[in-house]
Structures are given as C-alpha cells and as structure tokens.
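Now for the letters of each chain:
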Amino acid sequence: MTFRALLGAVGVAHDNAGFAATTQSLIAQTDTRWQWTVVVAGGRALLTELSDFAAFEPRITVLDGSGVDPAEYLPLAVRSTRADHLCQLQPGDGLDPGAVAAFRAALAVRPWLYTDEAWPFADGNGHREWRKGGYGPEMLRSQPYAVRSAVLPAAMVAQLDWPDPAAGSAQWYDLVLRVAERCGDPVHLAGPYYLRSPVPEPPPAPWIDGDPGDRCAVVADHCRRTGIPITEVRPIDTRGRPMGQRVVRRRADEPSVSIVIPTRGVASLVYGMPRRHVVALVDQLQASRRYPDLEIVVVYDADTPPDVVQTLSRPGAHPVRLVRYSGEFNFSRKCNIGGLAASGEYLCFLNDDIEIDTADWLSEMVALAREPGVGAVGAKLLFADGTLQHAGHRMASGRPGHALFRCAADSIELGGLAQVCGERVGVTAACMVLSARIFSEVGGFWEDLPASYNDVDLCLKIRATGRRIVYTPHAVLHHFESQSRIPVVTIEETEAIQRRWAFDMLHDPYVNPLSVADLDPATH
Amino acid sequence: MAGPSIAGDGAASQTAAAAPDEAEPDSAGVPYQGADIDRSYEDVLAALPDHVALRLRDRIKGLEAEAGSARATADEVERERRADVARLTLIIEGLRVDLEQARGEREPMTTADPDPRDAEIAALRGQVADLQTQLEAVAERLSAAEAGESPWARLLRHR
C-alpha cells in the first residue's frame, strides 16, 4: 500500500545548511505521518550530497531542480507530495516535536490552520516568539501573519489555479489567500510549533517574507477575486521594517454619513493653548470637503455655553443639526439620541476632544465599514504627546482595555498590530463608524452604561450577529483625553457588562491565549 | 480562532431547538405560527417610537447575550468536568494495577513478619477509595447536568 502522509512539507535547498537540522526535527515528531519533499536548486553536487543524506529516510524526497524555473520549485514539490495536508518547511526551519500530532487534532476541526512562530538565537540561548492573534480576513490582507506556518488541505490546493507566475516571492502568500477564500476561517494553533532557521540576532516579530512588490501584487489579485474595489495596495514599513501592506479602497458612490458628536461644550488646554473642543472639531470638519455627503449632528447638554451653541449653528460646508439634551450625564443616551436624529446611511460617533490628522480618515473608515461582514470600524487615536490611546480593544482576564495603550505611535509590538488593519473584539466609540441599519438592529448603545464599557457592549452585540469589528491605522486622529485621567467605572457598570458578556470577555479571539497572563488589565 | 461569537452560536442553537415544533400542531391542535409571531414582533417594534424601539432591541440583544454567555460557560464547565472524569478514571485504573501488583507480590510470602509493603497497600487502597468517591461525585454532577439539573441549567431556566 502506498504511504500517504498526514503532513507533506515542501522546501527548496540552495545549499546544505540546515538540511540535517530540519531532518532531525521531523524525525523527532511524535506522530510519524509526515513527508518532506525538497527541490534542490544548488547543482548536481548538492543534489548528490542531499540525496545520500536522505537515503536512510524514505519519508524524505529530494528532487532535482536543475533546469526548473525558480517559480516552479515549490509547485514541483507540492505536485510530488502524497499527503493530506501541505506546509512550507525550508531547510533550517523546524517543527516542534509535537507539531504533526497537534496539527492532526486541529485539522479535524477546520480544513486549514496556522501556528505561532519562534526564531531561535544561533547560540542556543533562547528564541524570540511571534504570538499571533486569531484569524481575520482583513488582517491576512494586511499582513502575511498566517502564511509561513500555514497548513493547507492538499486536495483543495490541487484544485486551485496555482501558481500564479506573477506572485514571485509571495507565492505561498498567494496560495494561503486562495485557500482562505475557499475554506474560510482556519484554526489558530497557539504555541510556536514552527521554528525558523536560527540566526545570531533574530529581530522582534513580525517577520514578513517576500518582496514587498510581490506581496502587494498577490493581495491586489486577491481583492480582485473577492470583489473588493481597490485603487492600490502599498507596502507598510515602520521603523525601517516591513509590517505588511495597506489596501487602499476605491472611493466611489460614497454613502451619506452623519458624524454624531456628544458634547458639553467644555474647553481645556492643549499644547498650552485653550481649546474649545467641539468648536475646533466642527470647524475642522467644516473646513474639509474631502467627504462629499456629510452631516454633523451635535448633541449638546443643556448647560453648554450659549455662545458655543451659537457658534456651532453658523452655516458651513456641511449641514449641522443641533440636538439639545437634558438630563443627567449619560454618554450612551446622548449617542443614541444623536444616532436617531441623524439622516446618514452611516454613522460616525466622534468625541468632541478630537483633532483629525488624516485627511481621508472618513473615506478609509467608511470603505471598510461597507465591506460585507464588517459591523464597525475604529481608528488609530493618539494622545497629545503622540503615544497610542487606541489601537482597538483587547480583553485581559475578563476586563476590556486598549491594545498597546500609551505605547509609541509607531510601536511594532504584538507583531506590528497597531500599524496594520485588522480585526478586533471591539473599538472605541471615541471614533467609530458603522451603518445606521446595524446601529438600529442591535439597539444602539446600552443606556445602563452611562460612562464606561458602552462601546465594548455595542461591539460585542455587533459581533454576536456574526459581523467583524475592524481597526484601521490609516485613519489617525488625536484624542485630547487626559492621559492622567483615571477612568471612573462604577460597580453597576462592571456588573452589568459582566452579566451580559461574562464568557466573551474571557475569550477574546484576537488575543493569543498564551499572552493573556502577560496583559496588564489596567494598561494592555 | 475568530469565528462567530459564542453568544451568536447560542442564539442559533436556541432557534434550532424550536424548529421541530414548527411542523407539528400543539396539544390544542393549533399549528405553530412562528413566522407570524416573528413578523408581529417586528411590527410591534416598528410601531413604537424610535428611541423606545432602540432600547427594546438593546434589551433583547442583551438577554440573548446573557443566555448565550451562560450557555457557553455551562458548555465549558461540562467539557472540563468530562475531562476531570476521564483523568480520574485513568488514575484509578493505574492505582488498581499497582494494588493488584502489590497483592500479587505479597501473597507468595509465608513469613509471619509484618511486611513493610502492607502500609503501601493500605495507602494505595485509601487513594483508590478517595478517588472513587471523587469520581462518583463528579459523575453524579455530570448526570444531573445531563438531566438538565445543573446550576447552569437551573440558571438558564429561571432567567
């Protein structure tokens, strides 16, 4: 009977470095149903050397790559593999001894998976890890985080129109995107089951493979196949390191948007100068004509200074609707009143102490919010000193917080999470875009949460409908919320949110389960 | 893994649980009219002032979330309990083997002197008895849960 492996690994050897190490990592597998197919691209002598080396192990196949187009190396290895699932395993890379066994269990649940990665120091003293979050299609478009360690169904790969000659060095990224289009969500197997070839000083994650141009080309191709209207895909570099790429969506037939601003008309010092927040924000919105169909809805408290209300009612480029609110402080109720008074097809909830940095911030957020399956979109918010106030919500031990709170705006921590678009468990209502239809469908903001967690609740309600919440770093705004402000969360609010979402608040799909213990609930 | 949330799954399973009734008349012989009920519920909401409808929708979503959360937590507790039972069963089997082995080694001995392994056997017996008690307690809770009598089931019923 012909041997058929559970896992067929494929790689390309340009020299003999790392071949023995990879072989050892495979032989150490507790589940022996693996196969490794290597195309030798280093000439006849290398082919002989590696063939001799692999002669003792029938599960290793060495193929002659001489005369083969480099773009055909991996496809040749894939075609020669007899296995249920495929993964990339370059000489020098390795798998954790329990990897194949863990893959088998996970692949019983979903047709494909990806794992965390580790990059060992060459001196044997430890390694760096890339602990990844759960899967999100927007995240995969923005960063090839589920590519190097992906395990794909061989039967599906055989049916695909792959390889695309234009994919170049991003061939495997192209393959993973195509599988994701067909198979949907994978399993994220937490733990560094995939080990990269040791180097003297591995850099911190993310570790982005492939030429930036090739990556952008395969993502653009993916967008065309999936009907996402784009103008371009461009690489993102932060601190001189590749983070992923930005999908720039085409601006066409932009829907009407109502910006809802709850306010009390207060002023405070910003950069040492007094700033009447709502007036400054509305002035900035009125001065910009970047978004064609815009309405501004200001929900103001009864004690708002009359001159502020008068200033806001001045005619401008966009219509302003002023809604007076009477009653004790309740952010949720004010937002609901504004949402109901708004006429736009989409709503943008915006705090008044905001300054817009990105000219096309609203187009970026609305384009994402219009994507099928997306329920709400959040922006990158910075404190006055330029540190991160918001890059999406994260749950830590059942408590919501802001990802990378107070980190540098160009932080590449958590695999560059703040620098690329991606799914989150929630985003702040200080700047949130969603459709008016979804807002109404889920019942708006929960008014029993007058000050805290109302955005957490809204996002969880949206997620419960099966929609995704997306964060974009390509809409940057300053939020002049005091960094030293201690958020006052009442016991009633805490009890209320936990009563509704006890389970979901303990299971943030975008936080790596191995990192939960490392997160500081106060500042994560 | 970022699939639909557990609360969503819970709501879906609740809907699915009601499905078999749709085809059958109830005890009074009146066919189940779920679709009409759903439509009238939407009609009722549509007829209300916007802000009232919004609050009601929020309450409904909130109750669904609470139910989904409780159900997901109950499922997780059940999974853990089953794992506990499996683990305890395995330990007991291992101890039984140890006990039998100790007995087998003890019996051929004819000396009247007290055997130091008697104490070991007694300790093993004690451990087996303790674990057996734990196992029975867990199994009892498991059966109660399966019969819909778990604290979570009660919580869900009274919600």
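Bear in mind that the values here come from a model prediction, so they are computed numbers and not experimental data.

1. Looking at the overall build of chain B
On a plain count of helices and strands, chain B comes out with five helices and zero strands. For chain B, the sequential pattern of α-helices and β-strands runs α-α-α-α-α. In chain B, which comprises 159 residues, the proportion classed as buried is 11%. Residue pairs in contact within chain B that sit at least 24 positions apart in sequence constitute 70% of those at least 6 positions apart.

2. Considerations on the interface of chain A and chain B
Counting residues at the interface gives 30 residues for chain A and 22 residues for chain B. At the level of elements, β9 (187-195), α11 (331-341), α14 (436-441), α15 (454-464) and α16 (491-506) of chain A are the ones that each hand at least two residues to the side of chain A that touches chain B.

3. As for unusual backbone geometry
All names here are of chain A. A cis amide bond links W162 to the next residue, P163, at an omega of 10°. Within the fold, P163 resides in the loop between α6 (154-159) and α7 (171-183). With an omega of 10°, the peptide bond between A205 and P206 qualifies as cis. Tracing the backbone through its elements, the reader meets P206 in the loop between β9 and α8 (212-226). Even without being a glycine, S397 presents a positive backbone phi close to 50°. Summarising the element assignment, S397 is placed in the loop between β21 (393-396) and β22 (399-402). Taking the number of C-beta atoms within 10 Å as the measure of exposure, S397 has 12 and is therefore exposed. Unlike most non-glycine residues, Y453 shows phi in positive territory, near 70°.

4. So, the nonpolar core
Residue and element names in this part refer to chain A. Ranked by internal contacts, the top residues of the largest apolar core, which has 88 residues, are I259, V260, C348, M365, A369, A376 and V433. The dominant element in this core, judged by the number of residues it contributes, is helix α12 (residues 361-369), at seven residues. When residues no more than four places from it in sequence are discounted, the contact partners of A369 are Y346, V374, A376, V377, V433, L434 and S435. Formed by 67 residues, the second largest nonpolar core is a distinct cluster that contains V78, L152, A220 and V247.

5. Side note on the confidence of the model for chain B
All names here are of chain B. Confidence in the prediction for chain B averages 71 pLDDT; 59% of positions are at 70 or higher. For chain B, helix α1 (residues 6-22) is the element with the lowest average pLDDT, namely 33, and helix α3 (residues 50-106) is the one with the highest, namely 91. Contacts from residues 1-28, a stretch scored under 50 in pLDDT, to residues over four places away or in other chains number 46 contacts. As scored by the predictor, the complex reaches a pTM of 0.84 and an ipTM of 0.87.

6. A word on the pairing of strand β4 (residues 83-88) of chain A
Two faces belong to every sheet, and in a regular strand the side chains alternate between them. Residue and element names in this part refer to chain A. For β4, the tally of buried residues reaches five of six residues, placing the bulk of the element in the interior. Judged from the five bridges that link them, strand β1 (residues 5-13) and β4 form a sheet pairing that is parallel. Bridge pairing in β4 links A5 to A83. In the sheet, β4 pairs with strand β8 (residues 151-153) via three bridges, with the strands oriented antiparallel. Across the sheet, H85 pairs through a bridge with P153, a residue of β8.

How each quantity is defined
- Residues numbered from 1 in each chain as written.
- Chains lettered and ligands numbered in written order.
- Predicted model: local features only at pLDDT ≥ 70, side-chain atom pairs only at ≥ 80, totals over all residues.
- Helix = DSSP H or I, 4+ residues; strand = E, 2+ residues; numbered from the N terminus.
- Buried ≥ 20, exposed ≤ 12 C-beta atoms within 10 Å, placed from the backbone.
- Contact = placed C-beta atoms within 7 Å.
- Core = buried A, V, L, I, M, F, W, Y, C linked by C-beta atoms within 7 Å.
- pLDDT = per-residue confidence, 0-100.
- Pairing = 2+ DSSP bridges.

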